[in-house]
Amino acid sequence: MTPFPPPLLFTEPWEYELRFPRDPRGPGIVRATLRAVLTAHGLRELIERAALLTSELTTNSVRYSDNWASVRLLWMHPVLRISVTDTNPELPEPLKPSAESVSTELEKGRGLFMLDVLADRWGGCAIGEEPFGLGGKTLWFELSCGGPPPAPVPALAA
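Since the structure is predicted, the reported quantities are computational estimates derived from the model, not experimental observations. (Residues numbered from 1 in each chain as written. Predicted model: local features only at pLDDT ≥ 70, side-chain atom pairs only at ≥ 80, totals over all residues. Heavy atoms only, no water.)

J.: Which residues make up the overall build of the protein chain, and what are the values?
T.: Along the backbone of the protein chain there are four helices and five strands. The proportion of buried residues among the 158 residues of the protein chain is 36%. Sequence-distant contacts in the protein chain: of pairs separated by 6 or more residues, those separated by 24 or more amount to 64%. Here the protein chain has roughly 9700 Å² of accessible surface; of this, 59% comes from carbon and sulfur atoms. (Helix = DSSP H or I, 4+ residues; strand = E, 2+ residues; numbered from the N terminus. Buried < 20%, exposed > 50% of the residue type's maximum accessible area, 1.4 Å probe, protein only. Contact = heavy atoms within 4.5 Å. Areas by Shrake-Rupley, 256 points an atom, 1.4 Å probe, with all protein chains shown as cover.)

This is how it looks when you write it as structure tokens:
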């Protein structure tokens, strides 16, 4: 039997990616996966903000895209970057409340407002058309981890 490699140190970079179909169950599966990954890597302090923002972005991907979406988690100590990519090339518009359109404006733009409030940094870009006709966009956000790194967790305990 081959022994398991030692767990990554808290400061070592890592990356996970999950691609999911345009299905209303996708955001829940992504949230569960995100929670498991962040817990296993000792990043519990980032879980709630990361789950809320990722849920908003993935829900919009399912709602407004016509194909698959993917979520990428990238840890570069002390920053976690989460990117959501989908096949809809339109970047969302920020919330612009006005007296006559408050009720309709509340339906759109909340995700960007949440990113402004909860993320340390965020951005997005359109993706050009690929050779097989798929383009899209990527929205990303970063969360910084404060405090000293936790003690390494054995791989089997995670």
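There is more to say after this.
J.: If you had to explain the side chain of Thr54 to someone new, which residues and values would you point to?
T.: As for its position among the elements, Thr54 is in helix H2 (residues 47-64). What makes Thr54 buried here is its relative accessible area of 1%. At 2.7 Å, the side chain of Thr54 and the backbone oxygen of Ala50 are in polar contact. The contacts of Thr54, once residues within four sequence positions are left out, are Val30, Leu34, Val71, Ile82 and Phe141. (Polar contact = N/O pair within 3.5 Å; in protein donor to acceptor, adjacent residues only side chain to side chain.)

J.: How would you sum up the packing of aromatic side chains? Please name residues and give values.
T.: The description of an aromatic ring pair uses the distance of the two centres, along with the angle that the planes make with each other. Applying the stated criterion to the full structure yields three aromatic pairs. With 5.2 Å between their ring centres and 70° between their planes, Trp14 and Tyr16 make a pair best called edge-to-face. For Tyr16, a relative accessible area of 38% gives the class partly exposed. An aromatic cluster is built from Phe10, Trp14, Tyr16 and Trp75, whose rings are joined through pairwise contacts. The ring of Trp68 carries Arg19 above its face, with NZ or CZ at 3.9 Å from the centroid. Seen from the ring of Trp140, Arg81 lies directly overhead, with NZ or CZ sitting 3.8 Å from the centre. (Phe/Tyr/Trp six-rings, centres within 6.5 Å; stacked < 30°, edge-to-face > 60°. Lys NZ or Arg CZ within 6 Å of the ring centre and 35° of its normal.)

J.: Go over the sheet that holds strand E3 (residues 79-86), please, and point to the residues and values.
T.: Hydrogen bonding along the main chain pairs the strands of a sheet, whether they run parallel or antiparallel. The antiparallel open sheet is built from five strands, whose spatial order is E1-E2-E3-E5-E4. Pairing within the sheet leaves two strands with one partner each, and these edge strands are strand E1 (14-20) and strand E4 (121-127). Direction aside, the axes of adjacent strands within the sheet are offset by 15° on average. Bridge count for E4 against strand E5 (residues 136-144) is seven bridges, and the pairing is antiparallel. Considered in E5, the bridge of Ile127 is made with Gly136. (Pairing = 2+ DSSP bridges. Axes fitted to C-alpha atoms, helices over the stretch in contact; angles between N-to-C directions.)

J.: Give a detailed account of H2, specifying residues and quantitative values.
T.: Because each turn of an α-helix spans 3.6 residues, side chains separated by three or four positions in sequence point in the same direction. Over its 18 residues, H2 runs 25 Å from end to end, which matches the ideal 26 Å to within 8%, given 1.5 Å per residue. Taken as a whole, H2 has its buried residues at Ile47, Ala50, Ala51, Leu53, Thr54, Ser55, Glu56, Leu57, Thr58, Ser61 and Val62. Buried residues in H2 make contact with E1, helix H1 (26-40), strand E2 (69-76), E3, helix H4 (110-118) and E5. (Expected span 1.5 Å × (residues − 1).)

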